[in-house]
Every structure is written in C-alpha cells, then in structure tokens.
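Each chain is listed here by its residues.
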Amino acid sequence: MGIDLTKEQKNRVEELLSKMTLTEKIGQMNQESVSIVGGFDVPFEQLIEMMTDGRLSKEEFQNIMATAETDYHEDAIREGKVGSLMVQDPEKCNELQRIAVEETRLGIPLIFGLDVIHGFRSVYPIAIAEAGSFDTDLMEKTAAMAAKESRSAGVAWHFAPMLDVARDARWGRVSEGPGEDPYLGATFARAKVRGLQNDHSSTENYVAACLKHFVGYGACEAGKDYNTVSMANHILYNNYLVPFKAAVEEGAQTAMASFNDLNGVPSTVNKWVLRDILKYSMGLNGFVVSDANAIKECVVHGIAEDEKDAARKSAVAGLDMDMGTEIYINNLESLVNEGKVLVEEIDDACRRILSVKMWLGLFDQPYVSEEAMKRYEEIPEEHKALALKAAEESAVLLKNEGNILPLKKDAKISLVGTLAEKKDEVVGAWAMSWKEKDCVSILDGMKQEFSNVEYYPCGGPEGELSEDEISAACNNGDVIVAVLGETVAMSGEAASRADITLPGKQRKLLEKLIASGKPVVLVLMNGRPLALSWEAENVPVILEGWHLGIQMGNAIAHILSGKKNPEGRLSSSFPAVTGQCPIYYNHPNTGRPAGNFKFTSRYLDAPFTALYPFGYGLSYTSFEYSDPEVSEEKDALDISVKVKNTGEREGVETVQFYMQDVAASIVRPVKELKVFEKVSLKPGEEKTVKVKLFKKNMGFWNNQGKYLLEDGFFRIYAGSDSATENCKEIRVSFDDVERLSDYPMEK
Ligand code: NOJ
C-alpha cells in the first residue's frame, strides 16, 4: 500500500526536487518549534506538554498564548528553510502557509502537525480505554471524526496513533496506546489508519497518520519514562513490531522515532530499525520524524559527540525530519559538502516529505477555507453521539457484588470525590483542542440521569479529606458513588509512578465510606491499570471509567442507571500489587510455571495471576460458553463456539479466541489472542460464533528474523477473557502455507 500517488503527482514531486537547492531540500527536513519569547523561555511543545499533563491549566496556557510574543519563524519560512510547524490556530496556519506558498522561490506548502491522540474538538476515550471496546468500526469512526475536525483547523498531520505495546502499568504512557496485546494493537492500528487517512472525498476529510513511537518505547526498563530498552529480537518482532507492521500495511504515511535506545542504539540514529525494518522491510513510503528535541538529546544520551555528529548519525540512519532543534538546518549542508552525508540521503528524505504533502493535497489546496474554520465551532450532534457511544463502550465493569448495579433512577445517591465535578479531568492526557463547555463531568451526567443526587467532594487524589463532607455523604445517601482515581497529570508523558495503588488519601476515604454500612460503588478515573487488591476485596462494586472524553459524565451515568449495559473489556491486565509489574497474559512460558509449591515462577507475597486479566469485563447479564470446535482446512483453522445469554437482559459479549503453540523451536507465549468477535444476544438466546484462524498467522519470527510455521500441537481457546481454560487441542500442518516475510538482521 503506502503512498498512492498518481503518475502525474509523482512527476510533480520529481520535477520539484530537481529544481531545489540543497538548502531548500534540508529546509523541508526541518520542523520548526514555535518559540514563545518575552518572558517564557519555554518551547511551544513544552508548553503544550505542560498543559496536557496538567502542570498548566488550559486557562493559564491560553493566557500565555494571548500575552506572549510568539516566534513563528516567518523569515526562515520565507527563505525555504522550514517544512513543518506545530500550530493549532487555523488563521495562523493560513498566514504562515501564505508565506510558504506565495513568498518562497518554489511555493512548497508547509505541513502542520499536532498531537491529536484521542480527538480534536470532540475528545473521545484515551486509547487504552477505547481499545477495550474491541469495536473496530468505532475506532475507525472516532479517528475519522478527529481527522475532519483537525483538518478544518489546518492540522493535516496527527502524531497518532500511538502503538507502543505496553505491559508495565508504572509507565504513564500506557494511557496513550492500545494496551498489552500485539493483535489487539494491530487491529486498533489498522482501524485508526483507515479512519484518519481513507476518506478522500475532500481534502478536508483526511490527514496523515504518524505511527509512534518506533520502536520499543513501551518496554522502557522498570516502567520509567525515556528509560533504556533491552530485548531479544524475537520479542521485538513478535510483539512490539506487530501493530506498526499492520499500520504500514494499511497505508500509514509517516512514523515517529522513539526516544529510547533499543539494545544500546537510540531509535533516532538507529539505521536498522528506521531504514532496514520500517522503510525497506515493512515498506513505509512516507517519512520519519524525530521525537521532540531527540536529535539534540543524542549528545546527552552519549551517542553523538556534538550536534553535528548527531545530525550526521540521524540523517544517515534515515530520520527524515528534525522536530524542533534546527540541528538539520544548521549542519546538514556542511555534512553533505564534506561527503559525510550523501545527497541521495537528503533527496530520499525530501522526496518522502514532498510526497506526503502531495498526497495530502496541500499543493493544490494549501489553505483552510473560511467555512471550514467555522465548521466545528460548535460540536455537531453526531460527533457528540459518537463520543458518547465510544465512552459507553469503553468503560469496564470489574465487580458488581449482589447486583448493586444498576441503580434505580430515584435512588438517593451521595456522589463523592473531587474528580466527579471536574470537567477538565474527563479528557485525559494529550487532549488540547477541547472546550470546557463541551465536557460533561460525572456530576453533570449523574444529575441529568438520576433524580436524587447530592454531591459531597470529600477528597480526591490530591489534598486532604473533609471529615464533615464524609459524614454528610454517609448519613444522607442510600448508596454512595465514589469517583476516585488519578488526575490527568498522573498519566501520559513523564508520569511514571512507582506505586500504582490509588494515590493520596483515597483508600482512607473508601474505608470511611464503607464503614457507613451503605453500599459503595467505586467509579475509577485513571490513565493506567491500578493495583486494586484492597478495593477488590473491600468494595462491592468497581467500574473502571478511565478518562472517557467529553461525554464521560453521561456514559458513566447511563451505565450506573442501566440505560447502557456495560460491554468494555480490559486491554491491559490489572495487577493485584505493583510489584507484579510488568504483568501481561501472553508471557513466554517457563519450565516452572507458577503453582502452589516453592520452586515455581512466582512471588512469595503476591498472587501469581493478574487481579483482572486482559480481556476481562462484566455485563449486567451473563454468558455461557459450550461446545468449542476446531477443524483444519488447507489454509485456516475453522473454529466455533456456542455462546448463550443466560441472564435477564440483552447484552454484548466479546468472544475471544486464543492460541498456544504447545512446543516450538523457541519458547512461545502461554496464550496469544488471535481473533475476536462481538455478539449481541437477547436473554436466553444462543449463537454459534464461527471464525477462521489463517494458518499463515500461526507462526512466529525467531531471533534471526525468520518467520517460521512449525507443524505440531496447538491449543485453541474460546472464552470471555484471557484466563479462559476452555480449549481444544489440534495437530496442524503448514504444508504449502505462504509465510510472512522475514525481518533483516542488524548489521
Ligand atoms: C513528545 C512525545 O513523546 C510525542 O509523543 C509527541 O508527539 C511529541 N512530544 C510532540 O508533542
């Protein structure tokens, strides 16, 4: 797939390239950082980061932007030395674009990029939550919505989807990606790329995706952000590369190199991962951008002597665009003149960048129209409805003892927790173009849905508890709904935590609420799996609400009232205690799997399984599985299982099919998700769910990058989460089955 340019468009790119000076070519490789001058010695990206992670409130950010003098590098644009900027104001985009198109020698348009991770104006659930909807159509539609909204504001390039497989919940960035599983990650990746890129009915409907962070960032040691990554090749190929490979196959235009080193080499200068794997083996036709400031950081990292050395190593490695350091623009020309970087390498990078701009239609339609600029001043009803659907499908019911939920509409509810009233907490990390007036807090949603709600803040993730409010909440309500968890600033970039239990005094608060003897419903707002062993033991009801976006309040209220029957699943395992991290269901086997005797792979002081496993989630009804069947065809296994709704209301079940390669030439995971299907069942209804598992997808890459399909025994599981034991064994032969392509080895 890749960039599908017409012959005429390709010729236009080549013709342009032939007319460009070396400086102009290098200019295309330069993404300028919008600098804030006049008292704020902070680059724009950092301000954005500070706003998205909560260090600056949205108001403070807007005040800075309104009062600060901002340097948009107009002169450099005029000289053809800028290829891209991060801007989110459409009028500003047009103004800068006019300089690029009308005042430069060749009139090459700029590409404006931004972190649109889970929505632009209409913010929808953070990725770890949305992936748990297991609804690929939904994932595609939300991406398409974000594409339309941002493109109409001039932003034609999203630094998304984030596809880092992440298995250590201490890492704050688990919130930004689709969780721990490569298959679910790949499914999410495909849907997002389609949604962002595929509607070409108008240039205002699509953007270029930027797959990030390539690669291995999610495996940062001990879950500490930016930390070193070491992994065997087979782990890289069979896990961390899988979502990226799928996204490139789907036609993704660009990618971002990750901050981390992989086995000693930072991605920014890693020719093996950027050129050999991403571009040549996977076939990314578009360009690769660095992460913010990363070329400069190669010096601190100890992989380059100085900025010039960092520029050389990055350009040679195949890093096409520098995000925000001006190191390319300052050094590449002399490096080419000295013969240390080849003109061909510059041409390749520039061609890739121009091709993406051409594909985006920027040469023919560089500006945002007046009409488009106003189009999403108010969020259209259909976008609100989609954000609500996404939020409703992503919340996960973890526990519902005694069927306390759903609550009656006129139940006397004490709503507790400072997070419940906050509109700016529903959007989650990396959301920046939302407006407070569009955000529905849980308090708003509950008041709308229930007739008898009283709010008592009591306390939250930060600060002290209010004893008076706690006793009022306990005395006045018949049921207590406690909204607890993490602030937005506690997940996302640079937000690793060494202890992932409920922060602050929230456990104390829960103890006091439970002591009242009233039923307590815990609604969680958080950006990562939490260690909830105490809560699982002591609180009767737990609803994982994540950060669900602008419609969070309505979605939670609808689930609590039963208007919506919960159907979300966990895209990441929840440990019982932090010390179990990293914890993931699809871990390689050991010769001594965890068991109830000493010499096994386990901790003495923690359970050996996750508290809530990958794929887990309850409904207000129940489902029963029976008669799993597996048969072999030439190219696929035919698998089926009967699923029955044994409860009293209609519900949606995510039927999950896992595989275990029982014996292979390298140790394989104890289970791997291979297919899933969502089914809706009426009370008493039974359906036979039939799926195909294509044999070519049953193999694995070994440490030498070879894709192997080895005959032998396989266990095929069908169940409602990754802990299922419901399985059939089958001997499979792979005669004449087409293999997936190999990966190149590091030279
Ligand atoms: C740093 C982050 O790692 C990356 O995800 C983001 O796209 C850039 N900053 C730009 O904001």
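This text follows the structure it describes.
So, a few notes on the structure that sits alongside this text. Here the structure is a predicted model, which means the values were calculated and not measured. (Residues numbered from 1 in each chain as written. Predicted model: local features only at pLDDT ≥ 70, side-chain atom pairs only at ≥ 80, totals over all residues. Heavy atoms only, no water.)

What about the overall build of the protein?
Across its full length, the protein holds 23 helices and 27 strands. Relative to the 2.2 N^0.38 estimate, which gives 27 Å for 747 residues, the radius of gyration of the protein is 26 Å and therefore close to what a compact globule would have. For the protein, the C-alpha atoms occupy an extent of roughly 75 × 65 × 45 Å along the three principal directions. Looking at the protein residue by residue over its 747 residues, the buried ones come to 63%. Of the roughly 27100 Å² that the protein leaves accessible, carbon and sulfur atoms contribute 47%. In the protein, 82 positive and 115 negative side-chain charges are present, and the distance between their average locations comes to 4 Å. (Helix = DSSP H or I, 4+ residues; strand = E, 2+ residues; numbered from the N terminus. Rg over C-alpha atoms; globule rule 2.2 N^0.38 Å. Buried < 20%, exposed > 50% of the residue type's maximum accessible area, 1.4 Å probe, protein only. Areas by Shrake-Rupley, 256 points an atom, 1.4 Å probe, with all protein chains shown as cover. Lys, Arg positive; Asp, Glu negative; His and termini not counted. Charge placed at Lys NZ, Arg CZ, Asp CG, Glu CD.)

A few points about the packing of helix α18 (residues 381–394) against helix α23 (residues 552–561)
Contact pair α18 / α23: the axes reach a minimum separation of 8 Å and the direction vectors enclose 50°. Classified by the angle between their axes, α18 and α23 sit oblique to one another. With respect to the hand of their crossing, α18 and α23 are arranged in right-handed fashion. The segment α18 lies against α23, with Leu388, Ala391 and Glu392 engaging Asn554, Ala555, His558 and Ile559. (Axes fitted to C-alpha atoms, helices over the stretch in contact; angles between N-to-C directions. Parallel < 35°, antiparallel > 145°, perpendicular 65-115°, else oblique. Left-handed = near helix turned anticlockwise from the far one by under 90°. Contact = heavy atoms within 4.5 Å.)

Examining the sheet that holds strand β26 (residues 712–719)
The antiparallel open sheet is built from four strands, whose spatial order is β22-β21-β26-β27. Edge positions in the sheet fall to β22 (672–681) and β27 (727–732), since each has one partner strand and no second. Across the sheet, the mean angle separating the axes of adjacent strands is 20° when strand polarity is ignored. Across six bridges, the pairing between strand β21 (residues 651–661) and β26 is antiparallel. Across the sheet, residue Met659 finds its bridge partner in β26, namely Ile716. (Pairing = 2+ DSSP bridges.)

Some remarks on the packing of aromatic side chains
The full count for this structure, using the stated rule, is 18 aromatic pairs. Where Trp546 meets Phe574, the ring centres are 5.8 Å apart and the plane angle is 75°; that geometry is what we call edge-to-face. On the criterion of sequence distance, the pair formed by Trp546 in the loop between β18 (541–544) and α23 and Phe574 in the loop between α23 and β19 (623–632) is long-range, its members being 28 residues apart. The burial state of Trp546 is the same as that of Phe574; both residues are buried. Arranged with centres 5.4 Å apart and planes meeting at 80°, the rings of Tyr585 and Tyr658 form a pair that is edge-to-face. Of this pair, Tyr585 sits in the loop between α23 and β19 while Tyr658 sits in strand β21, placing them 73 residues apart in sequence. Residues Tyr585 and Tyr658 agree in their burial class; the two are buried. Taken together, the ring pairs in this structure connect Phe134, Tyr183, Tyr585, Phe614, Tyr658 and Phe676 into an aromatic cluster. Note that Arg151 overlies the ring of Tyr206, its terminal NZ or CZ placed 5.4 Å from the centroid. Here Lys598 stacks its cationic end above the ring of Phe599, 5.9 Å away from the centre of that ring. (Phe/Tyr/Trp six-rings, centres within 6.5 Å; stacked < 30°, edge-to-face > 60°. Lys NZ or Arg CZ within 6 Å of the ring centre and 35° of its normal.)

Re the side chain of Lys245
Within the element layout of this structure, Lys245 appears in helix α11 (residues 242–249). The class for Lys245 is buried, based on a relative accessible area of 16%. Every residue in contact with Lys245, bar those within four places of it in the chain, is listed here: Met282, Trp701, Ser741 and Tyr743.

Here we look at the site of the ligand
Among the 14 residues in the neighbourhood of the ligand, the closest are listed as Asp115, Arg173, Lys212, His213 and Asp291. At a separation of 2.9 Å, an oxygen atom of the ligand approaches a polar side-chain atom of Lys212. Here an oxygen atom of the ligand sits 2.6 Å away from a polar atom, N or O, in the side chain of Asp291. Its free accessible area being 300 Å², the ligand has 100% of it covered by the protein chains. Here the residues of the shell around the ligand sort into seven nonpolar, one polar and six charged. (Near = heavy atom within 4 Å. Polar contact = N/O pair within 3.5 Å; in protein donor to acceptor, adjacent residues only side chain to side chain. Nonpolar A, V, L, I, M, F, W, Y, C, P; charged D, E, K, R; others polar.)

Considering the nonpolar core
Core analysis: the biggest nonpolar cluster contains 240 residues, and Phe214, Leu332, Leu415, Met446, Val481 and Leu560 have the highest contact counts within it. Per-element tally for this core: the top contributor is helix α16 (residues 343–359), with eight residues. Residues in contact with Phe214, not counting those within four places in the same chain, are Leu241, Phe244, Met256, Ala257, Ser258, Ser267, Val273, Leu274, Ile277, Leu278 and Met282. Core analysis: the second largest hydrophobic core is formed by five residues, Ala147, Leu196, Val207 and Ala209 among them. (Core = buried A, V, L, I, M, F, W, Y, C linked by side-chain atoms within 4.5 Å.)

Describing unusual backbone geometry
In this structure, the amide linkage connecting Ala160 to the following residue, Pro161, adopts the cis form with an omega of 0°. Tracing the sequence through the fold places Pro161 in the loop between β6 (157–158) and α9 (182–197). Cis geometry is found at the peptide bond from Leu405 to Pro406, where omega equals -5°. Inspection of the secondary structure puts Pro406 in the loop between β13 (396–400) and β14 (413–416). Even without a glycine there, the phi angle at Cys458 is positive, about 65°. The residue Cys458 is located in the loop between β15 (453–456) and α20 (467–476) in this model. Since its relative accessible area comes to 1%, Cys458 is described here as buried.

Comments concerning the pairing of β14
By the alternation rule, side chains of β14 split into Ile413 and Leu415 and Ser414 and Val416, which are all buried. Looking at chain direction, β14 and β15 are connected through four bridges and run parallel. Within β15, the residue paired with Ile413 across the bridge is Val453. With respect to chirality, the unit in which β14 leads through helix α19 (residues 442–449) into the neighbouring parallel β15 is right-handed. (Right-handed = clockwise from strand over helix to strand, strands pointing away.)

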